[in-house]
Structure formats: structure tokens, C-alpha cells
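# Geometric and topological summary
Given next are the chains, with one letter for each unit.
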Protein chains: 2
Amino acid sequence: MSRPTVHDIAEEAGVSLATVDRVLNERPGVRRKTMDKVFAAADRLGYVRDTSAANLAKQRQYRFAFILPDGPSQFVEALESTLNEASSYHVAERTVVETLRVPQRDPHAIVRTLQGLGTEKLDGIALMVPETPQVRDAVARLKDAGLAIVALVSDLPNSRRDYFLGVNSVAAGRTAAQLMGRFAQKPGEILVVTNSIHSRDSLERRVGFDEVIAAEFPHLTVLPSVEAYDDPVRMGRILEQVFNSREQLAGIYSVGSGNSALLDHLRRHERQSDLHVIAHELTPATYRALSNDEIAAVIAHNVGHLIRGALRVLRALCDDLLIYEAQEQARIEIFLRENLP
Amino acid sequence: MSRPTVHDIAEEAGVSLATVDRVLNERPGVRRKTMDKVFAAADRLGYVRDTSAANLAKQRQYRFAFILPDGPSQFVEALESTLNEASSYHVAERTVVETLRVPQRDPHAIVRTLQGLGTEKLDGIALMVPETPQVRDAVARLKDAGLAIVALVSDLPNSRRDYFLGVNSVAAGRTAAQLMGRFAQKPGEILVVTNSIHSRDSLERRVGFDEVIAAEFPHLTVLPSVEAYDDPVRMGRILEQVFNSREQLAGIYSVGSGNSALLDHLRRHERQSDLHVIAHELTPATYRALSNDEIAAVIAHNVGHLIRGALRVLRALCDDLLIYEAQEQARIEIFLRENLP
DNA sequence: TTGTAGGCGTTATCAG
DNA sequence: CTGATAACGCCTACAA
């Protein structure tokens, strides 16, 4: 009829409630034989634990820290504000989160932050940082301390992280290329703009982009990446120069998630009507630019899905429950003006 | 420190637990004055109910029915299988669902099903059916019986449904048009194929599609919709005829979610290499066609998100909790070969 | 090694 | 109208 409970198991196995609990939670001090009896009874009855009742009894609190890059980024801001929203909403889920910003390019500072985290006061960590040997080591130490670790947006494939939530950057780059190739049908050159050529994501996107353009759109030539280090003045100079020297500019691919400088420049200057701009991440800046037809398409993470997924996965990891992979799988979203949310 | 409980309120207000409960759950039989005391204490303390404890005490079960169209549709099958998956996973959430298929074109059969539902045994209903006066009436009766009602995929805007989960079909059509216009840059004609011209969604998509093509891509001409009534033979004949008579065919827009007949035909016949096909919904058929470059793009619902959203919204409605609109907002997804999941 | 009793935050059933 | 008191399914002392 209704779901079996620990009482039912106790009765079925002919032991007390406490013993059932000990067995089910793999606590020591139970004879082998008793354990077997209990397990047998449990799966004869098809028992599955009621997590919320358990959490109620335990007064469980999930304490998570999110480590995000500092510096001005509308994408990161979106992540953070979604996180705040979600965590106030998820107070019901017994989850408390704190957010920390770390300097992206300083592995030692990142490590220092991770060390200073107070592993006693924490159950899990979601982090969006570039993978370096130092970070890998720090992750290993955090794992040793028993924390659940989720890599966010940017994977740490060679670390001991438990899970990665984010899109495949190569595929994201390939998607950008597919759109660019189909939009820009006349022969021409594609300018690739980035703010940090050293970021793994930017690199991977670029790789994917080049693959597809080379294989399927031979009428397009991809120019070497130009890097602007988030500096609007520098960006302005570079664009000026490119627009003057390149007659055949067919498109601009902004690989980094920082687009403001590029967009400001484009907005201020006359440009050909058939210059196709593709950028990453849906932020206030790209939203506005898409609305105004200043850019043609945006390739993006679903920020809300990502954050809620991180929270769900961290909780699942803590309770070692199974993760609902199909749900957590991050999709590469494409936005045009017409399908803006 | 930790969250205030009913005990805290009881103490603060100087009444018993039972009274606090009565007030908080708006049960009758409490003096005005006592109510005020309790409410005052509650929000002085910043009380928020612990839903899972409440559900535990109530032994609450959410019993939902999903009404989906019958007939062969990979999209509907995806919905149903996702629902089964989710509901087995959500046994933890005290939710049981049953699925019913109804004939899409027979309002009376739909109503009969809705009537025969046993409102006593149900807390809510999600339904994907065309809006007719009969359906509106049935929805009204179900609301009168106290059920939560969510429209799925296809809205019932003039009914008393509580919520709609699905994308805006006009916007979906506009999105398709934007892609079509940018992909098909040479002058030509667009064939619009549908399986049921009477469906509101198909109509709305077509409207959106035409708006954007007319406004932004004057080099394209959209032909009148051809309807195939899910009949592959008929579809074959129509396509044959179109391919022979139309020299300038630049694209095909499949507005209905049934694509198999079209895809089979395309696969069997030689076709121009620059014929751009755009379809709706990600199903095994469209997935395969996208992978093989037989179609250029798919506009889709996120089936998993939709189903989980319906479940969440129905639960929230039952407990009249607030709905997390930002999370539930269905997005119009775009798939190319490169960003297939 | 095992069992008993009480509590987590809420609701429900009794009396009074 | 109001207040004890006992559930709900699970966990955790403490005792045996």
C-alpha cells in the first residue's frame, strides 16, 4: 500500500528500530548476521528512505560555498544573483550558501581562499576557476576533508572534483561557427575577439569554431584572435584598426564572455549592415544588443539551471544519492532576437 | 539562530500549539483576537513553515493526472516517458501521477475523460488538449471540485486553468522565421507543412513565421500551408508535386510536431543541397535528421524542464505556495547539429 | 551487540 | 473556542 518504513523493516526482520537504523546507515556495532537479516527485510519490502523525514530528524543543514571569479563580469553577476535568489528560495531545502570571489589569474590567491574555507563548517563547494596544478592540489585536500566538489562552467577534469556542470566549450564554439557559417554566406574574414586568451574555455571555443569553419565553410577565413584584456580603450583601437584594414570583414566572434567594450564600440561606429556578430552568454549587455539587432546570436549557459543544478548535485553528493544526469546535463542555448526570454 | 517553529510562536503569543496551527492553517473556531495575536507573533518571529515536516505529519500525497493527446507522436511519447522517469524519481516527493491519452480532435471524448477522472482521488491535472468551449467548461468544473489545473504546451487562456507551461507559439514561429531568413539568402519560396491545420499551436507558429518573413526577409515568399493529416502517402504526393512545380524552393518549414513522413520523403529523394528545413520539437526523428544534416534547425520545448515544472507547479498550487516564475518560464530552444544534447 | 524512549516541526484527535 | 497529547518517518542519546 503505502511505502514501507523502518518500523516495517524492524518487524519483518524481528529486530528493533535502532538496529535497523544502524544497519541502514552503516553504523558499526551490529553482527554480520543481523545486518543480513535487516538488509534482506529492507529489500524484500522495497524500502526507500524518506530523505526529508531523515533530514528533519537530523536537523540537517547543507552548507555550501560558491567560489566565483572576481572582476567585472555580467555573466558572473548573473550567476551570483541567481544563486542568492535560489538560496533564499531554498531555505526550505535546509541549504545555506556563501559566495566568495577570487582573482581569476592568481592561482595562489585561489588556493589561499580554498584553504581558508573552514572545512569543518562546510559540506560542499562549487567552483568556477581555471584549472592549475595548485587548484588541483587544493581540490584534493578538500576532498580529503570530506567535502563534495562541483566544478561550475569551467571543468577541472584532472582534479578530484565530483561533478562538472557546464557546457562543452568545444561544442559551444562549434555551434557558434555553424551559425556564423550559415549567416555569413559571402566570402570574407571573421574577427575573433577575446578578453583573456589564456582561459581554457576561450581556447576551447576557438578550437571548436575553427574546426567547423574550416570543414564546412571554406569561404570564410578566421583571423588570429585579438585580445583586449577587458580594456575598452585598447579594444577600441584594435577594432578601429581592423575595420580600416580589412575590407572583407564578414563577422565578429566574441569568444570571451566580456562583450561590453565590443558592443559599445560597435554601437558608436557606422558598420556594414551585413556584419554578423556572435557572442557568448546572455547578460544585460548581450540581451540589449540582441534586441537591437546589434548582434545576431548568443550562445549561452542557462544560468538558473546551472545554479539549481549545482545545489541539487551538491546535496545529492552529500547524501550520496544518485544524480539525475539527464536533468543536470547543461545544454548549449542559442538566442536570437526572436526567442529572448 | 535557527528558524522559528510553531512552538516559538505558541510561546510568543501565549497560546497553545493547536491554536497556532489552527490560525496558521486558517481553520475555523478561533477568536479574532487570538488570531491576531498569533499572526503578529508569527511575523514578528519571521516564521516560515517547514513544508517537509508538514507533509510528513499530514502524510500528504500529491495525486496528479496528466492528460496527453493520443495518436502517434514522438513528442508526446517523449513527454510521457520523461513523466514516468520523473515520477519514479519523485516518489520521494510524495507524488503519484497517472497518464491518460485522449483523442485530440474529439472534444467530447476529452470531456468524458475529464469527467470520469474521480476528482476525489486527485489533487491536480496537467493537460495538453486543444481549447474548445467543452474543454473550458470541463476545466471550470474541475476547478470547482478544487483541483489545480495546469495547461501544458498548448495554453487554455480563456479557461480557469491556474497556470500555463509551454512556449509562446507565435514567438516560436518567429524564431523559425528568423533562422530561415538568415539561412536562405537567395530569393525563393518557403513550403509550410503541417499535419493538423486546425491546431492552435500550428496556426500561431505560422502567424509568427509569416510576420517575420514579411517584415525582414522580403526575398522569401511563404506558400500556403499544405496539410498531410499524418498520412505519409498523401505527404509523399504533395511533396512530389511541390518539388516538381516549384523551381525556387528555398526552404521547408514543418510547423506541426509530426515530421516523420516529411523526413522520410526527403531522405528518399534527391534534393537541392541548399534547401533549408526547419522543424519543431526534438524527437528521435528530428535528432537523427539534424545529425545527418537533413534538416538545418529544430525549435523545441525542453521536455524534461516542462514535465518537472508541471509537477513543481502543481504541488505549489496545491499548497498554495508561490510559484518560482523565473524558473518555470519555458524557453524556446534552438538546436543545430552542433549543439545536440 | 541490541533495545527503549524521546525528539525533529508539523498536523490531527481528542477532551475540556 | 482552546489545550493536551499523540502521531508522521527517521535519528540519537542512553540503558541493558
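Source: prediction; values computed, not measured.

How each quantity is defined
Per chain, the residues get numbers from 1 upward, laid out in the order the sequence is written. Working convention: letters from A go to chains and numbers from 1 go to ligands, in the order in which they are written. At least 70 in pLDDT is required for a residue's local features to be given in this predicted model, at least 80 for side-chain atom pairs to be given and counted, and no such filter applies to totals for whole chains, interfaces and linings, which use all residues. Note that the side-chain values use all heavy atoms of the structure and ignore hydrogens as well as water. Whether two strands pair comes down to DSSP finding at least two bridges between them. Helix numbers and strand numbers start at the N terminus; a helix is a DSSP run of H or I with at least 4 residues, a strand a run of E with at least 2. Axis geometry follows a simple rule: fit a line to the C-alpha atoms, using only the stretch in contact for helices, then measure angles between N-to-C directions, giving values from 0 to 180 degrees. The contact definition used throughout considers only heavy atoms, calling two residues in contact when any of these lie within 4.5 Å. Relative accessibility under 20% of the residue-type maximum defines a buried residue, over 50% an exposed one, and the middle range a partly exposed one, all with a 1.4 Å probe and only protein chains included. When two parts are put together, the accessible area they lose, computed with a 1.4 Å probe and summed over both, is reported as buried area. Should a side-chain nitrogen of Lys or Arg be within 4 Å of a carboxyl oxygen of Asp or Glu, the pair is scored as a salt bridge. Any pair of nitrogen or oxygen atoms within 3.5 Å is treated as a polar contact; in protein, a donor-acceptor pairing is required on top of that, and neighbouring residues in sequence qualify only through side-chain atoms on both sides. Residues are sorted three ways: Asp, Glu, Lys and Arg are charged, Ala, Val, Leu, Ile, Met, Phe, Trp, Tyr, Cys and Pro are nonpolar, and all the rest, Gly among them, are polar. Note on definitions. A residue lies near a molecule or strand when any single heavy atom of the residue is within 4 Å of it. Note on aromatic pairs: the rings of Phe, Tyr and Trp (six-membered ring only in Trp) are paired at centre separations within 6.5 Å, and the planes decide the class, stacked below 30 degrees, edge-to-face beyond 60, tilted for the rest. Throughout this description, the term charge over a ring refers to an Arg CZ or Lys NZ atom that lies within 6 Å of the ring centre and within 35 degrees of the ring normal. UniProt positions are given in the numbering used here, feature names are shortened, and annotations may be inferred rather than shown by experiment. Between 65 and 115 degrees an angle is taken as roughly perpendicular, under 35 as roughly parallel, over 145 as roughly antiparallel, and anywhere else as oblique.

## Comments concerning the sheet that holds strand S5 (residues 163-165) of chain B
Residues and elements named next belong to chain B.
- An order of S2-S1-S3-S4-S5 is seen for the five strands of this open sheet, with the pairing classed as parallel. Each edge of the open sheet is held by one strand with a lone partner, namely strand S2 (95-102) and S5. The average undirected angle you get between the axes of adjacent strands in this sheet is 20°.
- Looking at chain direction, strand S3 (residues 124-127) and strand S4 (residues 148-152) are connected through four bridges and run parallel.

## Details of the environment of B:Leu68
Residues and elements named next belong to chain B.
- Among the secondary structure elements, Leu 68 is positioned in strand S1 (residues 62-69).
- Taking the C-alpha atoms as reference points, Leu 68 and Thr 283, 215 residues apart in sequence, are found 16 Å from one another.
- Leaving out residues up to four positions away in the same chain, Leu 68 has contacts with Val 76, Leu 79, Glu 80, Thr 99, Leu 100, Arg 101, Val 102, Met 128 and Leu 152.

## Some thoughts on the pairing of S4(B)
Residues and elements named next belong to chain B.
- In terms of burial, S4 is largely enclosed, as five of its five residues are buried.
- Taking every second residue as pointing to the same face, both faces of S4 are buried, with Ala 148, Val 150 and Leu 152 on one and Ile 149 and Ala 151 on the other.
- The pairing of S4 with S5 spans three bridges and is classified as parallel. Paired with Leu 152 across the two strands is Leu 165, which belongs to S5.

## Section: the interface of chain A and chain B
- Listed by partner, the interface residues are 39 residues for chain A and 39 residues for chain B.
- Roughly 3,900 Å² is buried in total at the junction of chain A and chain B, and carbon and sulfur atoms are behind 51% of that figure.
- Ranking the residues of chain A by area buried against chain B places A:Tyr324, A:Arg331 and A:Glu338 at the top, with a combined share of 19%.
- The interface formed by chain A and chain B includes eight salt bridges.
- Close ionic contact of B:Glu333 with A:Arg331 constitutes a salt bridge, the shortest N to O distance being 2.6 Å.
- There are 14 residue pairs in polar contact (both at pLDDT 80 or more) connecting chain A and chain B.
- Breaking the side of chain A that touches chain B down by element, the ones donating at least two residues are helix H4 (51-58), helix H5 (74-89), helix H8 (169-183), helix H9 (200-216), helix H14 (325-328) and strand S12 (333-335) of chain A.
- Sort the elements by how many residues they give to the side of chain A that touches chain B and H8(A) lands first, with seven residues.
- A class-by-class count of the residues in the side of chain A that touches chain B yields 19 nonpolar, eight polar and twelve charged.

## Description of the protein's contact with DNA strand D
- Taken together, the neighbourhood of DNA strand D is formed by 24 residues, with A:Val6, A:Asp21, A:Tyr47, B:Arg22 and B:Thr34 sitting nearest.
- The sugar-phosphate backbone supplies 71% of the atoms of DNA strand D found within 4 Å of the protein.
- Separating a phosphate oxygen of DNA strand D from a backbone N or O atom of B:Ser16 is a distance of 3.0 Å.
- Contacts to DNA strand D include B:Thr19, whose side-chain N or O atom sits 2.9 Å from a phosphate oxygen.
- Secondary-structure elements contributing two or more residues to the surface near DNA strand D are H4 of chain A together with helix H2 (17-24) and helix H4 (51-58) of chain B.
- Take the surface near DNA strand D: its biggest share by element is four residues, from H4(A).
- A per-class count over the surface near DNA strand D returns ten nonpolar, seven polar and seven charged.

## Quick look at the packing of aromatic side chains
- On inspection of all chains with the given rule, the structure shows five aromatic pairs over all chains.
- On the basis of an interplanar angle of 35° and a centroid distance of 6.1 Å, the ring pair of A:Tyr62 and A:Phe64 is categorised as tilted.
- Positioned over the ring face of B:Tyr324 is A:Arg308, at 5.9 Å from the centre of the ring.

## A word on the UniProt feature "domain: HTH lacI-type" (unreviewed entry) in chain A
- Here, UniProt's "domain: HTH lacI-type" (unreviewed entry) annotation points to residues 4-58 of chain A.
- In this annotation, residues 4-58 of chain A is assigned 69% helix and 0% strand; the end-to-end C-alpha distance for the span is 20 Å.

## As for the protein's contact with DNA strand C
- Around DNA strand C sit 26 residues in total, of which A:Arg22, A:Thr34, B:Val6, B:Asp21 and B:Tyr47 are the nearest.
- Within 4 Å of the protein, the contacting atoms of DNA strand C are 68% sugar and phosphate, with bases supplying the remainder.
- Separating a phosphate oxygen of DNA strand C from a side-chain N or O atom of A:Thr34 is a distance of 2.5 Å.
- Here a phosphate oxygen of DNA strand C sits 3.2 Å away from a polar atom, N or O, in the side chain of B:Asn25.
- Going through the elements one at a time, helix H2 (17-24) and H4 of chain A together with helix H1 (6-13), H2 and H4 of chain B are the ones with two or more residues in the surface near DNA strand C.
- Broken down by element, the residue count for the surface near DNA strand C peaks at four residues, all from H4(B).
- Grouping the constituent residues of the surface near DNA strand C by class yields eleven nonpolar, eight polar and seven charged.

## Re the packing of H2(A) against helix H3 (residues 32-45) of chain A
Residue and element names in this part refer to chain A.
- For the pair H2 and H3, interaxial distance at closest approach is 10 Å and the crossing angle is 90°. By the angle between their axes, H2 is roughly perpendicular relative to H3. Of the residues in H3, those touching H2 at Thr 19, Val 20, Val 23 and Leu 24 are Thr 34, Met 35, Val 38 and Phe 39.

## Remarks on unusual backbone geometry
All names here are of chain B.
- The backbone phi angle of Gln 59 is positive, close to 50°, even though this residue is not glycine.
- With respect to the helices and strands, the residue Gln 59 is situated in the loop between H4 and S1.
- With phi around 60°, Arg 94 is a residue other than glycine that occupies positive phi space.
- Relative to the helices and strands, Arg 94 is located in the loop between helix H5 (74-89) and S2.
- On the accessibility criterion, Arg 94 (13% relative accessible area) is buried.

## A look at the pattern of salt bridges
- A complete count under the given rule lists 52 salt bridges over all chains for this structure.
- A salt bridge links A:Arg60 to A:Asp319; the nearest nitrogen and oxygen atoms lie 3.3 Å apart. In this pair, A:Arg60 sits in the loop between H4 and strand S1 (62-69) while A:Asp319 sits in the loop between helix H13 (303-318) and H14, placing the two residues 259 residues apart along the sequence. Considered together, A:Arg60 and A:Asp319 belong to a single accessibility category, that of buried residues.
- Put simply, A:Arg337 and A:Asp293 hold a salt bridge, and the shortest N to O gap is 3.1 Å. Of this pair, A:Arg337 sits in the segment after S12 while A:Asp293 sits in the loop between helix H12 (284-291) and strand S11 (297-300), and the two are 44 residues apart along the sequence.
- Under the relative-accessibility criterion, A:Arg337 is labelled partly exposed at 25%.
- A cluster of three or more residues bridged by salt bridges with shared partners is formed by A:Arg174, A:Glu211, A:Glu216, B:Asp293, B:Arg337 and B:Glu338.

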